[in-house]
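# Coordinate inspection notes
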Amino acid sequence: MAIPALSDYQRLVVKVGSSLLVDAAGRLNREWLASLAQDVSALQQEGHEVLIVSSGAIAIGSAVLGISKARARLPDLQAAAAAGQVQLVHAYQEVLGRHGIAAAQILLTPEDTENRRRFLNARGTLARLMERAVIPIINENDTVATEEIRYGDNDRLAARVAQLVMADALVLLSDVDGFYTADPGKEPGAQHIPVVARITTEMESMAGETRSDIGSGGMATKVQAARIATHAGCSTIIASGAIEHPLNALQTGARCTVFTAEGTPAAARKQWLAGVLEVRGTMVVDDGAMRALQGGNSLLPVGVVRVAGAFNRGDVVAISRPDGKELGRGLAEYSASEASQICGCRSEQIEDKLGYRGRSVMVHRDELVLFDNDR
Ligand code: GLU
């Protein structure tokens, strides 16, 4: 199977592991980071969108606060993350700024990607940043994430982010250059696998529990991340970041493992929406809106005749014709009470009706599936 190239992908989430960025004494490797920023700038200039999920806050902050990771308790690590995060983001801001690129900090918890209201909020913010070619620097919000509800490692966080923004590639940069049949550090006979079309349980057990001393992820969390992302239509690349210009190296054929996606991100999102069982309400639309939806547009308040049901922002609603025929379904951008106040309004009238600026769409086109005509 041909190995896809980085330039085949439009929207890339790049995950940077702690061990690449920070040495054992908690010092940031600024040269390496500068080389990454240069690669990101080159990708942007070629028309790609890049988001970065970066670890490193705890490693940097532990040095700042004099915390030894071996003896640290969760609140110590959280404090370290808080102190390290400012330095981490500042470093990104500085290296990207040299290329005239702005950086933005995004801190997420698992709830933010699982609760659909928060999911829509995060997605909306990230979409605006990407429209403006700002690079989001994303990390776990370690201050509020407690033991039970932590991602724990940024590999899975990065996969959830890829799913959230409908990225078509997730690049996991770490100290290994791909997936091997066994831990190459321990078994010299371990074989590198360049392309994985389907993740098997056997592969998951091969991934084992390898860990590096600085970060918290290992090969097992990378394979789990690949499972989440590929299922969401996003190919996942495990590649070495132990060299300068790691993304450029990938462009020019550096060794890596590509887990190829099942379908596209849009198809995966639509399949998920079509399969959701709890539909909480209905938006009844007019002919103009129906044609707009069929043309691939979002549902605007002006095209909604009335709403029914008790739904919140982020709930799934049916989209129907006045005669009751269901056209499709999507995630409501507004609750039922807000939606009923603004239906029939043009977007610029929303603020008058609701008392705040709000959003311009009732259902975003990415969060919408239309059924075939015969349904
Ligand atoms: N949020 C943690 C940090 O910034 C990283 C978690 C991980 O090791 O991936 O240090």
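Refer to the preceding data block for the structure.
A few points on the structure. (Residues numbered from 1 in each chain as written. Predicted model: local features only at pLDDT ≥ 70, side-chain atom pairs only at ≥ 80, totals over all residues. Heavy atoms only, no water.)

Taken together, 8 strands build an open sheet; the order of strands is β3-β4-β2-β1-β5-β9-β10-β8 and the sheet is mixed. Strands at the two margins of the open sheet, each flanked by one partner only, are β3 (103-108) and β8 (195-196). Contacts between helix α2 (residues 30-45) and the sheet are confined to β1 (11-16), β2 (49-54), β4 (135-140) and β5 (169-174), with β2 contributing the most and set at about 155° to the helix. (Pairing = 2+ DSSP bridges. Helix = DSSP H or I, 4+ residues; strand = E, 2+ residues; numbered from the N terminus. Contact = heavy atoms within 4.5 Å. Axes fitted to C-alpha atoms, helices over the stretch in contact; angles between N-to-C directions.)

This part is about the pattern of salt bridges. Going through the model one piece at a time under the given rule, you end up with 24 salt bridges. When the shortest N-O distance is used, the salt bridge between Glu326 and Arg329 registers 3.9 Å. Arg346 is the salt-bridge partner of Glu348, the closest N and O atoms lying 2.9 Å from each other. Classification of Glu348 as exposed rests on a relative accessible area of 57%. Taking the relative accessible area as the measure of exposure, Arg346 reaches 45% and is therefore partly exposed. Here the salt bridges do not stand alone but share partners, grouping Arg123, Arg269, Asp366 and Glu367 into one network. (Salt bridge = Lys/Arg side-chain N within 4 Å of Asp/Glu carboxyl O. Buried < 20%, exposed > 50% of the residue type's maximum accessible area, 1.4 Å probe, protein only.)

It is worth spelling out unusual backbone geometry at this point. In the Ramachandran plot, Ala133 falls in the positive-phi region, its phi being about 60° despite a non-glycine side chain. Structurally, Ala133 is set in the loop between α6 (116-131) and β4. Since its relative accessible area comes to 38%, Ala133 is described here as partly exposed. Backbone geometry places His245, a non-glycine residue, at a positive phi of 50°. By secondary structure assignment, the location of His245 is in the loop between β9 (235-240) and α10 (246-251). Taking relative accessible area as the criterion, His245 reaches 26% and is therefore assigned partly exposed.

Nothing here speaks to function; it is all geometry.
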